[in-house]
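In case you want the letters, here they are:
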Amino acid sequence: MAEKQKSGTFAIVLAGLVVITAFVFLGVVLKHKMDGESMFAHQVTPSEGVVVEGAYARANGASAKAGAAFMVIKNYNAQDDRLIAASTDVANMVELHTHIEGENGIMMMRPDEDGFDLPANGEAHLKRGGDHVMMMGLKHALNHGDTVEITLVFEKAGEITIQIPVDLERKPASGEAHH
Ligand SMILES: [Cu+2]
């Protein structure tokens, strides 16, 4: 009888240990998930040698559902890099877009899945009628003078967050088409 009770107690203790171990494991997994909040946090190091200049954002009118951002990205590093993603709080979705000429000769924009080349010691020009950061599903109007925060994600340089002005008055540089 005493022997039976003993093994019964042992079984309960064992079951308890299994439960505790499971909870500890779950806790570790959850903590990991929260630490890795940013999708790219684990695979990039802080950016160095990549500089963004002349950036601005615009949208076509206060009721526009989408806006775009343009800039010059300079890579002072000796290795090629690539802009692979971007995000912002002002839009539901951000895509890297480029313009291609359609069958009818009309320029159309489409997502560039590969991202934008950023050659070693070179530049990437995001401009009207060319490559641009597309902000889709704007949560509010982009008013002239507003500031928009955009995080750019580079393959090697990692994340760079920039504050850029909404500029509805800037004209495309000569040779650039309207967005
Ligand atoms: Cu676009």
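Everything that follows concerns the structure shown earlier in this document.
No experiment lies behind these values; they were computed from the predicted model shown. (Residues numbered from 1 in each chain as written. Predicted model: local features only at pLDDT ≥ 70, side-chain atom pairs only at ≥ 80, totals over all residues.)

Asker: In this structure, what is going on with the overall build of the protein chain? I would like to understand it.
Answerer: For the protein chain, the count of helices and strands is one helix and 10 strands. With 179 residues in all, the protein chain has 22% of them scored as buried. Restricting the contact set of the protein chain to residue pairs at least 6 apart, pairs at least 24 apart contribute 67%. (Helix = DSSP H or I, 4+ residues; strand = E, 2+ residues; numbered from the N terminus. Buried ≥ 20, exposed ≤ 12 C-beta atoms within 10 Å, placed from the backbone. Contact = placed C-beta atoms within 7 Å.)

Asker: Explain the nonpolar core to me, please; I cannot follow it from the model alone.
Answerer: Where a protein is soluble and globular, its nonpolar side chains tend to be buried together. Ranked by size, the top nonpolar core spans 31 residues in total, and within it Ala69, Leu83, Val133 and Met135 carry the most contacts. Secondary structure elements with two or more residues in this core: β1 (50–59), β2 (66–75), β3 (81–88), β4 (91–101), β6 (116–118), β7 (123–126), β8 (132–138) and β9 (147–154). Not counting chain neighbours up to four residues away, the residues in contact with Val133 comprise Ala68, Ala69, Ala86, Val94, Leu96, Leu126 and Ile150. (Core = buried A, V, L, I, M, F, W, Y, C linked by C-beta atoms within 7 Å.)

Asker: What is the right way to read the sheet that holds strand β10 (residues 158–165) from this model?
Answerer: Strand pairing within a sheet occurs via backbone hydrogen bonds; the two strands may be parallel or antiparallel. Read from one edge to the other, the open sheet built from four strands follows the order β6-β3-β9-β10, with strand pairing classed as antiparallel. The open sheet terminates on both sides in strands that have one partner only, identified here as β6 and β10. Neighbouring strand axes in the sheet, compared pairwise and without regard to direction, differ in orientation by 35° on average. Relative to β9, β3 is paired through five bridges, and the arrangement is antiparallel. Across the sheet, the residue bridging to Ser87 is Thr151, located in β9. (Pairing = 2+ DSSP bridges. Axes fitted to C-alpha atoms, helices over the stretch in contact; angles between N-to-C directions.)

Asker: Before we go on, may I ask you to explain the environment of Leu126 in this structure?
Answerer: With respect to the helices and strands, the residue Leu126 is situated in strand β7. Look at Leu126 and you get buried, because 23 C-beta atoms sit within 10 Å. When the C-alpha atoms of Leu126 and Val72 are compared, they prove to be 6.0 Å apart, with 54 residues separating the residues in sequence. Contact partners of Leu126, with chain neighbours within four places excluded, come to Phe70, Met71, Asp131, His132 and Val133.

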